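# What the coordinates show
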Amino acid sequence: MCARCAIVTASVVVVMGATTVGAGEGALLLEPATDTVEIPVTRGESPLSRAATYEARVLMSTLMAGRGFILREWQFVYMDRSLSAGPNVLVAHSAGLSPGGEIRYSQTGLLQPGRWHHLAYVYDGSEERLYVDGVRVAQRSAGGMINRRNPNSDAPFAMAIGAAPEGATGRQLSPGFRGHIDWVRISNVARYTDDFCPPASISADGATMLLYQFNDPPTNSHATDSSGRNRHGLLGFGIAPGETRPDFVPLPPGTFQLRPGDANCDGEINVADINCFVAALAGEQLWDDCGHAAGCQFVCQNDLDGNGAVGVGDINGFVSCLTGACP
Ligand SMILES: [Ca+2]
Ligand SMILES: [Ca+2]
Ligand SMILES: [Ca+2]
């Protein structure tokens, strides 16, 4: 055993008993780009005005080009809030804010096929931010209220996952995201500030406006809303012609995901992670130099006890991971 391994092993005092939070059992497969889930809205106004988080865990198709909508709530001339992404871009929009317009982050190879990505947009009342895999990639000052739906208007209205209606009649269809969505959540609070380790699975709380886990049986014609607000989505139905029906499928195996304990970011947790984990204990700079694969992040790979920082409190959890029992 290497010297560093001995240091880690010698530091074990208690094996932590936290339960594993794993990925969901199923996903929504959006393919082709006309696949859509219509979200019914029964109330005239939406409670997302002062703060919001739009987020999803996605696995992009190799067929994805440009960008496609993951979620969109829209009313002609009144409201437009959305999260969309493609191989090289993440875009979000909350109409009504100042300065307003889309917030966008572009980078070649931002999303990779075969790899789960967590995408998030946050508005906290004074700033808009974009995150990819828990890393803040864009931010700008913003203020004001996100526009609400106008319940007294006849203007077409739609809320959708995937392909999204738009235009004066609502009968134009903007392309949807192509690939798998493990889950999507809309919240009326700003959930993220600093970099974070994206959750593989999530549950609803009081700030959850919509939560689709997409673990529904393949025969379901609707997506079950776990938020408690009963906004179950209808597959393949909307106001624009040409919409098609997505499918519920098992989570595809063998796909890479960020995991605490995988300190060298190769997709597995084993003794090969020890050197990078020990480096991480000495700080992010040393971890950066440990030879880990690209596309992962310091806190997520090394914060085993989930306190948002990397330190000696993570050692027990890491050692547990090596014995096949990650916290
Ligand atoms: Ca799922
Ligand atoms: Ca590893
Ligand atoms: Ca920690």
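Only a predicted model underlies this, so the values are computations on that prediction, with no experimental measurement involved. (Residues numbered from 1 in each chain as written. Chains lettered and ligands numbered in written order. Predicted model: local features only at pLDDT ≥ 70, side-chain atom pairs only at ≥ 80, totals over all residues.)

## Concerning the overall build of the protein
As a reminder of what qualifies: Each helix corresponds to a stretch of at least 4 residues labelled H or I by DSSP, and each strand to a stretch of at least 2 residues labelled E; elements are numbered beginning at the N terminus. Three exposure classes are used, all based on how many other C-beta atoms lie within 10 Å of a residue's own C-beta (placed from the backbone): buried at 20 or more, exposed at 12 or fewer, and partly exposed between those limits. Each residue is represented by a C-beta atom placed from its backbone, and any two residues with such atoms within 7 Å are regarded as in contact.
Helix and strand content of the protein: 5 helices and 18 strands. Once the C-alpha set of the protein is aligned to its principal axes, its extents read approximately 70 × 45 × 35 Å. Within the protein, the proportion of its 327 residues that are buried is 45%. For the protein, the proportion of contacts with a sequence separation of at least 24, taken over those separated by at least 6, is 67%.

## What about the domain arrangement of the protein?
Convention followed: Where a domain begins and ends is set by an automatic assignment or by a domain database. Under the grouping applied here, Gly and all other residues not named as nonpolar or charged are polar, the nonpolar ones being Ala, Val, Leu, Ile, Met, Phe, Trp, Tyr, Cys and Pro and the charged ones Asp, Glu, Lys and Arg.
Taken domain by domain, the protein comprises domain 1 (3-17 + 257-322) and domain 2 (26-250). A straight line from the C-alpha centre of domain 1 to that of domain 2 covers 33 Å. Considering only residue class, the side of domain 1 that touches domain 2 consists of 4 nonpolar, 2 polar and 1 charged.

## Considering the pairing of strand β11 (residues 157-162)
Selection rule: Paired strands, in this sense, are two strands between which DSSP finds at least two bridges.
Counted residue by residue, β11 has 5 buried out of 6 residues, so it is predominantly covered. With 3 bridges connecting them, strand β2 (residues 36-38) and β11 associate as antiparallel partners. Across the sheet, residue E38 finds its bridge partner in β11, namely A160.

## Regarding unusual backbone geometry
The amide bond that connects E31 to the next residue, P32, takes the cis arrangement and shows omega of 10 degrees. Considering the arrangement of structural elements, one finds P32 in the loop between β1 (26-30) and β2. S98 connects to P99 through a cis peptide bond whose omega is 15 degrees. Summarising the element assignment, P99 is placed in the loop between β6 (89-94) and β7 (103-106). Phi angles above zero are rare outside glycine, and F214 is one such case at about 55 degrees. Inspection of the secondary structure puts F214 in the loop between β15 (208-212) and β16 (222-223). The backbone of N230 sits at a positive phi, close to 60 degrees, despite the residue not being glycine. The exposed category is assigned to N230, around which 9 C-beta atoms lie within 10 Å.

## Considerations on the nonpolar core
So the rule is basically this: One nonpolar core equals one set of buried Ala, Val, Leu, Ile, Met, Phe, Trp, Tyr and Cys residues connected by C-beta atoms within 7 Å.
With 59 residues, the main nonpolar core has I70 and I181 as its most contacted residues. Listed in part, the 24 residues of the second largest apolar core include C265, F277, A280 and L281.

## Quick word on the environment of P217
Following the sequence through the fold, P217 ends up in the loop between β15 and β16. What makes P217 exposed here is the crowd of 8 C-beta atoms within 10 Å. Note: C-alpha distance between P217 and V189 (28 residues apart in sequence) is 30 Å.

## Some thoughts on helix α2 (residues 274-281)
Counting buried positions over the 8 residues of α2 gives 7, a clear majority of the element. Positive phi shows up at G283, right after α2, with a value of about 125 degrees.

## Considerations on the sheet that holds β6
The sheet built from 8 strands is open, its strands ordered β7-β6-β5-β4-β11-β2-β17-β16 with antiparallel pairing. Looking at which strands have only one partner, the edges of the open sheet turn out to be β7 and β16. One ladder, built from 2 bridges, connects β16 with strand β17 (residues 233-235); its direction is antiparallel. Note on β17: the bridge partner recorded for A223 is G233.

## A few points about the environment of G167
Structurally, G167 is set in the loop between β12 (164-166) and β13 (172-174). Each C-alpha atom of the pair G167 and A240 lies 9.8 Å from the other, and the pair is 73 residues apart in sequence.

## Regarding helix α5 (residues 315-322)
Burial runs high along α5: 6 of the 8 residues are buried. Within α5, burial applies to I315, G317, F318, V319, S320 and C321. After α5 finishes, the residue G324 shows a positive phi value of roughly 85 degrees.

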